[in-house]
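Take a look at the letters that make up each chain.
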Amino acid sequence: MGRRIVLVLCACAVVPVLIFGLLAARNANTFGSAAMDRYLTGFSQTNSRALRSRLGAAETIVQTLTARDVGYDGSALKQQVVNSRAFRSVVVVDRDGLLPGGNAALRPNAAQLLALEAGQTVLLSAMLKGQLPAVFMARAVSAAGFERLAYFEIAPDWLWKDISAGASSPPLTVVDAEGKLLLNSRNLPPETATMFAQNITLDGERGALTRVLGWQAGSEEWRGVLTHVPLVNEHVTAVPWAVVAYDRQPTFAARAVSVWNTLPYVFALALLCAFPAALYLARRYAAPMALLRAGLPALQQRQFERLPLQGGEEPRALVEAFNRCSSSLEEQFYALETLGEIDQLLLGSADLEHVLDAILSRVQTVTRCHSVGITLRDADAPGRARIYLPPNG
């Protein structure tokens, strides 16, 4: 029994600690996810604001450079661009948007042509083999009296300076609504870029909305925050852009590693507290319970031995009650045996007077009286009787 008490108390100490550990691990996972979302959100929004500011500055420069006639071939414009860190080159083409040689890589669509006619600056990107997409700003200009288009190629070193992630920063990607990876700090698969593009909307661009994304690539889970780049207020018309900061999603076990590392010490402390308590209870209750376990079968054998008083107050009171019950049963069994002997004496003797002394002594024992007697009435002598007393009174 003592062993069972120890096991039960140790289990009662360990199980709550285990449940507490699981709850603490769950909270650590929740807080870890929230902290990761906050960090990625801040990083994404910071880079989105920086990108918006640079594109706005570039658009202001473009407006300034195209405020006057740029010359038919844009020679005056090219001379000014040489001194600008924001642009790598500029080319002036006809209104159809075809580059020299008939290249239609930057040809504006109908909506963009409408924006150009309205005096807006259009942001375009062109895919270059083996390189990141080149980013251009297109604007309608006056070239020697003719309406033409000027394509300003934004210098990548200026546009992406401090935007790409550093060694200690999470991966960063700039993507547009068409799925073009304008900046990619890591080699993202095309399906991931498509997933990003599906979450970029015009409403999101107008409100600079932020969205938390989660996806799985291979056997790893990833989590990212997509922040739209609001270009509407910068008078720039473009396919919506977004900045995505992302990182690997730690597993539940990894986030709760501090809990798992602490849990063995808590287990040990709980067991150190439970073990002495278990020993105390075992010593207090085990010995009396063992005596009662041996004493109860003895009653069936009519062995009415008194048990020694051991243990604490409660088990001691239980042993005392057992002893009282044992004494009562012993007296009752003795009384029944005595009455049985009296019946045998009465039924086994033809001369009643010879067995009266034995009967009287047994009656005195059963009744616990100081003196007993038997009166025999004589049927032949009415009104007369004989009284028999035991020899000891």
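On a predicted model such as this, the values are computed, not experimentally measured, just so you know.

Draft legend 1. Broad picture of the pairing of strand S5 (residues 172-176). The buried count for S5 comes to five of five residues, which makes it a mostly enclosed element. Neither face of S5 is left uncovered, since the one carrying Leu172, Val174 and Asp176 and the one carrying Thr173 and Val175 both have all their residues buried. Pairing of S5 with strand S10 (residues 241-248) involves five bridges; the strand directions are antiparallel. Residue pairing in the sheet places valine 174 in a bridge with valine 243 of S10. One ladder, built from three bridges, connects S5 with strand S6 (residues 181-184); its direction is antiparallel. Residue pairing across strands places valine 174 opposite leucine 183, the latter belonging to S6. From the end of S5 to the start of S6, which pair antiparallel, there are four residues, and glycine 179 there has a positive phi angle of about 90 degrees.

Draft legend 2. A look at helix H3 (residues 110-117). Those residues of H3 that fall on the buried side of the exposure criterion are Gln112, Ala115 and Leu116. Projection of H3 onto a plane perpendicular to its axis shows the buried side chains occupying an angular sector of 100 degrees, all on one side. In H3, those exposed residues whose orientation departs by more than 90 degrees from the buried face are Ala110, Ala111, Leu114 and Glu117. Structurally, H3 contributes buried residues whose contacts are with strand S2 (121-126), strand S3 (134-143), strand S4 (146-154) and strand S9 (236-238). A distance of 3.2 Å separates the backbone nitrogen of alanine 111 from a side-chain oxygen at the start of H3, and that oxygen is part of asparagine 109.

Draft legend 3. Seen up close, the packing of aromatic side chains. Summed over all chains, the structure comprises eight aromatic pairs. Measuring from ring centre to ring centre gives 5.3 Å for phenylalanine 87 and phenylalanine 152, while their planes differ by 55 degrees; the resulting arrangement is tilted. Within this pair, whereas phenylalanine 87 is found in strand S1 (residues 87-93), its partner phenylalanine 152 is found in strand S4, the two being separated by 65 residues in sequence. Through pairs of rings, three or more aromatic residues link up here, namely Phe196, Trp215, Trp222 and Tyr246. Sitting above the plane of the tyrosine 72 ring, arginine 148 keeps its charged end 4.1 Å from the centroid.

Rules behind the numbers
Residues numbered from 1 in each chain as written. Predicted model: local features only at pLDDT ≥ 70, side-chain atom pairs only at ≥ 80, totals over all residues. Heavy atoms only, no water. Buried < 20%, exposed > 50% of the residue type's maximum accessible area, 1.4 Å probe, protein only. Helix = DSSP H or I, 4+ residues; strand = E, 2+ residues; numbered from the N terminus. Pairing = 2+ DSSP bridges. Arc of directions from axis to C-beta. Contact = heavy atoms within 4.5 Å. Polar contact = N/O pair within 3.5 Å; in protein donor to acceptor, adjacent residues only side chain to side chain. Phe/Tyr/Trp six-rings, centres within 6.5 Å; stacked < 30°, edge-to-face > 60°. Lys NZ or Arg CZ within 6 Å of the ring centre and 35° of its normal.

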